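Remarks on the overall topology
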Amino acid sequence: MQKLIIQGGQRLEGEIIIQGAKNSALPILAAALLCDGESILENCPELSDVYAACRILTSAGCQCQMKQHVVRVNAESLTNSEIPEQLMQEMRSSIIFLGAMLGKTGVCTLGYPGGCELGPRPIDLHLQALEKMGVRIREENGILHCSAPKGLHGTKIHLQFPSVGATENILLAAVLAEGETIIVNAAREPEITDLIHYLISCGAKITGIGCSTIRIQGVKKLYGCTYRIMPDRIVTATWLAAAAMTGGTLRLLHTDAGSLEGILDVLEQMHCSYYCDDTSIFISARSPVHAVRSLKTMPYPGFPTDAQAIFMAALCRAEGTSVFEETIFENRYRHVDALIRMGADIQIAGRAAVVHGVKQLHGAPVSATDLRGGAALLVAALGAQGETVLTEISHIDRGYDNPEKVLSAVGADIRRVSS
Ligand code: EPZ
């Protein structure tokens, strides 16, 4: 078991190169399964979730190697369309392999995905859409046996909610299907756009990039290509929040401010100064920051749910009161107890959380309960007085590539210890 020990109160200063996006790398790894020949995926973050996706590919018989942030995938040796239960449990994104596997082989056997720490995370929208495309689904003892005896065919799918995962699964199933698939009310997250760009580079025919209606014209074959994964916008948001928390000055490199509108808007309300160019963001923050009157999570381009906990941590010491409303997940305030333990003043009422800024947070022994909740505790610890011992950091390792190295390089006093 590993933990992070943080001596808070250091002002962050310097440059950080932003890692590749986990939530883009995962569906693109699944998409590589659809291609003939090799895909070379650059800028893949080295994370436990990415390793899990590689293990799913290997268990299917594909060749998959990761070296220095480059993953090479060759699916020509694919033999097995059953995803082992243990790998399904390891991460929620394992479900994205369903669309890819069906698109490639017409069959897939798998259990329900794990990673449900944010409240119920059903996959009904994924399954309904696939059924509409000709997939028969039989459930037996919690295992889904999916097959498309007559092949997958295009159709019009209207999503009740712009689910990221469902949009990805439909895209993956549709690119090799017969005819045209239209997704109405598709998710518009930048990671979806990245997946579409990769698929197009492999030969897919897709229009409506970045729009809520996407049209996919099925093609006979896709061919592997070399593709660079986009920068991680939530990791960018995390280090922006860390700068805000510590009154720091950071230059974030190899990122994309264009995918961070909702976040930058909130930073402005916090009275942080920032400047963006094509690939970098410079932030200079004065501590304490200003409170944000209302912060509501929304599908893209709104404020992302993945940054809610992280910005709550940064606003714990703000001047004034901030009100959060979480509209995407039912149970995404699990970090609040630990923040209160560190001295924060937060009240939860249903989907709302009211954060009264306090003068100071103090270090404490706290545990990460989920990925972004864990990142929030890290941000809080950086700005707290004294020592924080952060445990259950395997959650953080799912999404942050070597956070202690990144933060030490900009002045944080942080170390990882094994116990
Ligand atoms: C993706 O999860 C991300 N994961 C999440 O990031 C992110 O929080 C989420 O999108 C929202 O932006 C990856 O990309 C790997 P959804 P996903 O389907 O696809 C409901 C992180 O921290 N819903 O858009 O699972 C669902 O219950 C992770 O990196 C249904 O009801 O999100 C939820 O309330 C955590 N039925 C809402 O939609 C369905 O069939 C959003 O889910 C599917 C979803």
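A quick note: this is a predicted structure, and the numbers were derived from the prediction, not measured.

A closer look at the sheet that holds strand 4 (residues 63-67)
Hydrogen bonds between backbone groups are what pair the strands of a sheet, and the pairing can be parallel or antiparallel. One open sheet accounts for four strands, arranged 4-5-3-13; its pairing is mixed. Of all the strands in the sheet, the pair left with one neighbour each is strand 4 and strand 13 (226-228). Taking each pair of neighbouring strands and ignoring which way they run, the sheet shows an average axis angle of 15°. Alignment of strand 3 (residues 38-42) against strand 5 (residues 70-74), held across four bridges, turns out to be antiparallel. Along strand 5, the bridge assignment pairs I40 with R72. In the packing of helix 2 (residues 48-59) onto the sheet, contacts are made with strand 4 and strand 5, and the angle to strand 4 comes to roughly 155°.

Section: the packing of aromatic side chains
A full pass over the atoms with the stated rule returns three aromatic pairs. With a centroid separation of 5.7 Å and 75° between ring planes, the pair formed by Y198 and Y227 is classed as edge-to-face. Here Y198, found in helix 7 (residues 190-201), pairs with Y227, found in strand 13; they are 29 residues apart in sequence, far enough to count as distant. Overall, the relative accessible area of 0% leaves Y198 in the buried class. Here Y227 falls in the buried class, since its relative accessible area comes to 11%. Measuring from ring centre to ring centre gives 5.7 Å for F303 and F311, while their planes differ by 85°; the resulting arrangement is edge-to-face. For the residue pair F303 and F311, the accessibility class agrees, reading buried in each case.

Digging into the sheet that holds strand 11 (residues 205-207)
Ordered in space as 9-10-12-11, the four strands form an open sheet in which the pairing is mixed. Strands with a single pairing partner mark the edges of an open sheet, and in this sheet they are strand 9 (156-158) and strand 11. Averaged over all pairs of adjacent strands, the angle between strand axes in this sheet comes to 15°, irrespective of strand direction. As paired strands, strand 11 and strand 12 (residues 213-217) are joined by three bridges and run antiparallel to one another. If you follow T207 over to strand 12, its bridge partner there is R215. Contacts from helix 6 (residues 164-174) reach strand 9, strand 10 (180-184), strand 11 and strand 12, with the element oriented near 170° to strand 10.

Points about the packing of helix 8 (residues 233-246) against helix 10 (residues 308-315)
One can describe the packing of helix 8 onto helix 10 by two numbers: an axis separation of 9 Å at closest approach and a directional angle of 5°. In terms of axis orientation, helix 8 runs roughly parallel to helix 10. When helix 8 is examined against helix 10, the residues I234, A237, T238, A241 and M245 are found in contact with a partner set consisting of I310, F311, A313 and A314. Residues of the contact of helix 8 with helix 10, tallied by class, amount to eight nonpolar, one polar and no charged.

Rules and cut-offs
- Sequence order as written defines the numbering, with residues in each chain counted from 1.
- Thresholds applied to this predicted model are a pLDDT of at least 70 for local features of residues and 80 or more for the giving and counting of side-chain atom pairs; totals over whole chains, interfaces and linings are not thresholded and use all residues.
- Excluding hydrogens and water, the side-chain values take into account all heavy atoms of the structure.
- Between any two strands, at least two bridges found by DSSP are needed for them to pair.
- In this description a helix means any DSSP run of H or I spanning at least four residues, a strand means any run of E spanning at least two, and both kinds are numbered starting from the N terminus.
- The axes used here are C-alpha line fits, helices contributing only the stretch in contact, and every angle between their N-to-C directions lies in the interval 0 to 180 degrees.
- Residue contacts follow a heavy-atom distance rule, with two residues in contact if any of their heavy atoms lie within 4.5 Å.
- Within 6.5 Å between ring centres, the rings of Phe, Tyr and Trp (the latter by its six-membered ring) count as paired, and their orientation is classed by plane angle as stacked under 30 degrees, edge-to-face over 60, tilted in between.
- Only protein chains enter the accessibility calculation, which uses a 1.4 Å probe. A residue is then buried if its area is under 20% of the maximum for its type, exposed if over 50%, and partly exposed in between.
- These descriptions rest on fixed angle ranges, namely under 35 degrees for roughly parallel, over 145 for roughly antiparallel, 65 to 115 for roughly perpendicular, and the rest for oblique.
- Only Asp, Glu, Lys and Arg are considered charged in this grouping, and only Ala, Val, Leu, Ile, Met, Phe, Trp, Tyr, Cys and Pro are considered nonpolar; every other residue, Gly among them, is considered polar.

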